[in-house]
Amino acid sequence: MQLLTGMYTAKVDEKGRLSLPSRLRTALSSSQVVVLPGLDGNHLMLMTPDYFENQFCTQILSSPLALMDKEKRKLVRKIISPAVYLDIDSAGRINVPQRSREAASINVKDEALLVGTGYAVEVWNPAVFDEEEDSAEDSVSDLAQRIYEEEKN
């Protein structure tokens, strides 16, 4: 799978279907995606089933006793349990469930912002994304430096 990059706008039609830009469809190279709540709670994430099952979930459920840990069970209920497998139709659309759209403030007949983040695509209400970006106090340099320092230790 190619890295999922770029920022795109797409209209959500009256049936809740979101059209995936051709560049993202090609990069996904899959006939399905998994939609799940975004880690920040105010958007959605799209992943290939392969990445979701073999990378993302594996990290959360990293040991046979993972479900014995209270915090991991909460994370599973908040992230993995609501995940839905969606087929990409012949027109390159996915039918995003109403519950998922509502959780991310994505309305039918409105635009959604799709943001490629490497191995996932975030789906945002553009106004919520703009608010999130405007409230970010850190520069890219500050974030990179902090992450570098944490990984170095």
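This section reports on the structure supplied with the text. All of these numbers come straight from a predicted model, not from anything done at the bench. (Residues numbered from 1 in each chain as written. Predicted model: local features only at pLDDT ≥ 70, side-chain atom pairs only at ≥ 80, totals over all residues. Heavy atoms only, no water.)

### A few points about the pattern of salt bridges
Then step 1. In the structure shown here, the tally under the stated rule is four salt bridges.
Then step 2. For Arg17, the salt bridge goes to Asp13, with nearest N and O atoms at 2.6 Å.
Then step 3. The class of Arg17 is buried, set by a relative accessible area of 19%.
Then step 4. Here Arg93 makes a salt bridge to Asp89, at a shortest N to O gap of 2.9 Å. (Salt bridge = Lys/Arg side-chain N within 4 Å of Asp/Glu carboxyl O. Buried < 20%, exposed > 50% of the residue type's maximum accessible area, 1.4 Å probe, protein only.)

### Quick word on the nonpolar core
Then step 1. In terms of nonpolar packing, the biggest core is built from 22 residues, with Leu18, Leu46, Ile94, Leu114 and Val123 touching the most fellow members.
Then step 2. For this core, the secondary-structure elements that each account for two or more residues are α1 (22-28), β3 (32-37), β4 (44-47), β7 (111-116) and β8 (121-124).
Then step 3. Per-element accounting of this core gives the leading share, three residues, to α1.
Then step 4. In contact with Leu46, not counting residues within four places along its chain, are Leu20, Val33, Val34, Val35, Ile94, Tyr119, Ala120, Val121 and Val123. (Core = buried A, V, L, I, M, F, W, Y, C linked by side-chain atoms within 4.5 Å. Helix = DSSP H or I, 4+ residues; strand = E, 2+ residues; numbered from the N terminus. Contact = heavy atoms within 4.5 Å.)

### Observations regarding the sheet that holds β4
Then step 1. Pairing within the open sheet is antiparallel, and its six strands lie in the order β1-β7-β8-β4-β3-β5. Strands at the two margins of the open sheet, each flanked by one partner only, are β1 (7-11) and β5 (84-87). Here the strands of the sheet are splayed against their neighbours by 30° on average, with no regard to which way each runs.
Then step 2. Two strands pair when backbone bridges link them, and β1 and β7 are joined in this way by five bridges, in the antiparallel orientation. Bridge assignment links Ala10 to a residue of β7, and that residue is Ala112.
Then step 3. Across the sheet, helix α2 (residues 49-60) touches β3, β4 and β5, and the angle it forms with β3 is around 55°. (Pairing = 2+ DSSP bridges. Axes fitted to C-alpha atoms, helices over the stretch in contact; angles between N-to-C directions.)

### Section: the environment of Arg23
Then step 1. Tracing the chain through its elements places Arg23 in helix α1.
Then step 2. Using a relative accessible area of 33% as the deciding quantity, one classes Arg23 as partly exposed.
Then step 3. Remark: the alpha-carbon pair of Arg23 and Leu4, spanning 19 residues in sequence, is separated by 8.6 Å.
Then step 4. Ignoring sequence-local partners within four residues, the contact set of Arg23 consists of Gln2, Leu3, Thr5 and Tyr8.
Then step 5. A polar atom in the side chain of Arg23 sits 3.5 Å from the backbone oxygen of Leu3. (Polar contact = N/O pair within 3.5 Å; in protein donor to acceptor, adjacent residues only side chain to side chain.)

### Here we look at the layout of surface pockets
Then step 1. Taken as a whole, the largest pocket spans an internal volume of roughly 250 Å³.
Then step 2. Lining the largest pocket are 15 residues, with Leu39, His43, Met45, Thr117 and Glu122 positioned closest to its centre.
Then step 3. Mapped by element, the contributors of at least two residues to the lining of the largest pocket are β4, α2, β8 and α5 (126-135).
Then step 4. The leading source of residues in the lining of the largest pocket is α5, at three residues. (1 Å grid on protein atoms, 1.4 Å probe; cavity = no way out; pocket = protein on both sides within 12 Å on 5 of 7 lines; lining within 4 Å. Points joined across faces, edges and corners; volume = space filled by probe spheres on them.)

### Things to note about empty space enclosed by the protein
Then step 1. Evaluation of the coordinates by the stated rule reveals one cavity of 30 Å³ or more.
Then step 2. Taken as a whole, the largest cavity encloses approximately 30 Å³ of empty space.
Then step 3. Lining the largest cavity are Val12, Gly16, Leu18, Leu44, Val96, Arg101, Ile106 and Val123.
Then step 4. A class-by-class count of the residues in the lining of the largest cavity yields six nonpolar, one polar and one charged. (Nonpolar A, V, L, I, M, F, W, Y, C, P; charged D, E, K, R; others polar.)

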